[in-house]
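Each chain, letter by letter, is given below.
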Amino acid sequence: MTPEELSELIHQCLSAAAKRGDIALNAEDIPQVKVERPRNREHGDWATNVAMQLARKASTNPRALATLLAGELEQVDAIAAAEVAGPGFLNVRLSSGAAGALAATILEAGSQYGRSDAQSGSHVNLEFVSANPTGPIHIGGARWAAVGDAMARVLEAAGAQVTREYYFNDHGNQINNFSASLLAAAKGRPTPEDGYGGKYISEVADQVIAQVGAEGGTDPRELGDVEAQEVFREKGVKLMFAEIQESLHAFRTDFDVFFHEQTLHESGAVDDAIEKLRKLGVIFESEGALWLRSTDFGDDKDRVLIKSDGNAAYFSGDVAYYLNKRERGFDQCIYMLGADHHGYIGRMYAMARAFGDEAGPGKNMEILIGQLVNLVRAGKPVRMSKRAGTVVTLEDLVEAVGVDAARYSLIRSSVDTTLELDLDVVASHTNENPVYYVQYAHARTCAVARNAQEHGVSREAGFAPEELSSAADGELLGTLARYPEIVAQSASMREPHRVARYLEELAGAYHAWYGQCRVTPRGDDPVEPSHVARLWLNDAVGQVLRNGLDLLGVQAPERM
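Here the structure is a predicted model, which is why all the values come from computation and not from measurement.

Asks: Explain the domain arrangement of the protein here, please?
Replies: Many authors give the size of an interface as the accessible area that is lost as the parts come together. With domains assigned, the protein is organised as domain 1 (1–93), domain 2 (171–249) and domain 3 (429–550). Distance between the C-alpha centres of domain 1 and domain 2: 68 Å.

Right under this line is the structure:
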């Protein structure tokens, strides 16, 4: 019996009692019943405080309602015991057969176990990374690449339709500075003020020159600075962005849409968005500029849309881009931004409200802020890249620890906390390394299955779930049962790190179970039903580990 099935059973008992008139409740008064694993396992397999929640509405006291429910539940074969505790908690112990049946449920569901339709009907635009195409992805962008991709996978597992989007910042001074840096490198000049340094600048400049030559064009070094810089702008940005895409793909992070900021200005989308706000009566003119009255919607000050010189302010692009997303049919627009964007939240939320939308967690617009990543090796900070010069890049991290360890390590901590990665630990093959610990657990389930086959233990012999009756069996089954709830929580709370932490908990429970329970007989002893039942449980663990690692974009090796 899964927690969801137990929740539904308790709901049915409450509905039946209400229908009989045993409690003063209407059907609409009975909520979805939440069951949780009790901290002290001596109290049972599952616990609920639903009696305490409903007692007042039912015109009774919590213990009386819990006692009524306990009596109803104990009439069900799958329930071994139901006991009332404290002011009205209800502790439930499943029969070993009902608890053990979960192993078969997991294996029948396969890769679908843990998936749900909790967010079915939601069309989510998830924008993440969106680094300027002026250099390789730095370590902060790498964190968003891993977390954003895992977020998309978790949301899809909860039933949402997700579009992964990268906002390509190809409009503004940063592109001018980038192309000027390429020109300077090509002509052997110092890096310009506000320009970009690092070996990669020379590499991209050389690629531009080679590409122009292959196309039969004039070497840009022979052109005037204005004309040459335009060549470096056109070709250099494309080359840099192609490299970014290649790096992200190698990191198992792909996007459905690459949206070019420049198109907002070229298509008239900025003007259209401003006109819509004008019709809504939320803009005004002052000091020769056009402003959004964002203070009416929670911002700390009003924001300029068109500057006094007639040029669009940077914020006007944000306005047009958000409206574009909503007009494309997205009912939830999630922005994943770096720590330096914390000041954007107020103005962005105010802008969404000015359009008549809701802003905040789970609303039409939601902004997540990620904190910094610090790398340490041999006890010392790692701050410089051989190629980028001033920052550590995604490629540097992958070269040091590999894709699996990099992704897992970046995902497993909440993004609202600064992350410190010890490269020596993350690259190690020890239990101190969380990704190794989880992957090894999966490899062990595969090794146990291979060993079982060699000893004649096969799931084809049938499944006797009541054989999973030991305390270790029960602990492992209880951990497995929580996986769907973890996935749903991770999606609703936008916290994919919950999946990683759960997998570590499951790996720990499995390793402990492995040390106490046998899947194969000793010596020449015959194969018993308990051996077969535990093979089912072993394989169920492997399935859940694979499912969870897949949500993180991390491989589940069969041998290590």
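Here the narrative resumes.
Asks: What exactly am I supposed to notice about the UniProt feature "short sequence motif: 'HIGH' region" (unreviewed entry) in the protein here?
Replies: As annotated in UniProt, the feature "short sequence motif: 'HIGH' region" (unreviewed entry) corresponds to residues 131–141 in the numbering used here. Between the C-alpha atoms that bound residues 131–141 the distance is 7 Å, and the span itself is 27% helix and 0% strand.

Asks: Explain the UniProt feature "domain: DALR anticodon binding" (unreviewed entry) in the protein to me, please; I cannot follow it from the model alone.
Replies: In this numbering, the UniProt entry assigns the feature "domain: DALR anticodon binding" (unreviewed entry) to residues 438–560. For residues 438–560, the helix share is 66%, the strand share is 0%, and the end-to-end C-alpha distance is 11 Å.

Asks: What exactly am I supposed to notice about the side chain of Arg482 here?
Replies: Structurally, Arg482 can be placed in the loop between α17 (471–481) and α18 (483–492). Within the structure, the side chain of Arg482 is placed 2.7 Å from the side chain of Glu505, a separation counted as a polar contact. Apart from the residues lying within four places of it in its own chain, the contact partners of Arg482 are Arg37, Trp46, Tyr502 and Glu505.

Asks: Looking at this structure, I do not really get the packing of aromatic side chains. What am I missing?
Replies: Ring pairs (aromatic) are described by centroid distance and by the angle formed between their planes. Enumeration over the complete set of coordinates arrives at 19 aromatic pairs. Seen from their ring centres, Phe255 and Phe258 are 5.6 Å apart, and the 55 degrees between their planes marks the pair as tilted. We classify Phe258 as partly exposed; its relative accessible area is 28%. Among the aromatic residues, those joined into a ring-pair cluster are Phe128, Tyr166, Phe168, Phe241, Phe255 and Phe258.

Asks: Can you walk me through the sheet that holds strand β13 (residues 380–382) in this structure?
Replies: Adjacent strands of a sheet pair through backbone hydrogen bonds, lying either parallel or antiparallel. Read across the open sheet, the three strands follow the order β13-β12-β14; overall the sheet is mixed. Edge positions in the sheet fall to β13 and β14 (419–422), since each has one partner strand and no second. For this sheet, the mean angle separating the axes of adjacent strands, direction not counted, is 40 degrees.

Asks: So what exactly am I meant to see when it comes to the pairing of strand β5 (residues 161–168) here?
Replies: On a regular strand, each side chain points to the face opposite its neighbour's, so the side chains alternate between the two faces of the sheet. Among the eight residues of β5, seven are classified as buried, and the element is accordingly described as predominantly covered. Both strand β4 (residues 123–127) and β5 contribute to a ladder of five bridges, which runs parallel. Each bridged residue has a counterpart across the sheet, and for Glu127 the counterpart in β5 is Glu165. The handedness of the β4 to β5 crossover, carried by helix α5 (residues 139–157), is right-handed. Two strands pair when backbone bridges link them, and β5 and strand β6 (residues 257–260) are joined in this way by four bridges, in the parallel orientation. For Tyr166, the partnering residue across the bridge sits in β6 and is Phe258.

Reading the values: the criteria
Residues numbered from 1 in each chain as written. Predicted model: local features only at pLDDT ≥ 70, side-chain atom pairs only at ≥ 80, totals over all residues. Heavy atoms only, no water. Domains from an automatic or database assignment. UniProt positions renumbered as here; feature names shortened; annotations may be inferred. Helix = DSSP H or I, 4+ residues; strand = E, 2+ residues; numbered from the N terminus. Polar contact = N/O pair within 3.5 Å; in protein donor to acceptor, adjacent residues only side chain to side chain. Contact = heavy atoms within 4.5 Å. Phe/Tyr/Trp six-rings, centres within 6.5 Å; stacked < 30°, edge-to-face > 60°. Buried < 20%, exposed > 50% of the residue type's maximum accessible area, 1.4 Å probe, protein only. Pairing = 2+ DSSP bridges. Axes fitted to C-alpha atoms, helices over the stretch in contact; angles between N-to-C directions. Right-handed = clockwise from strand over helix to strand, strands pointing away.

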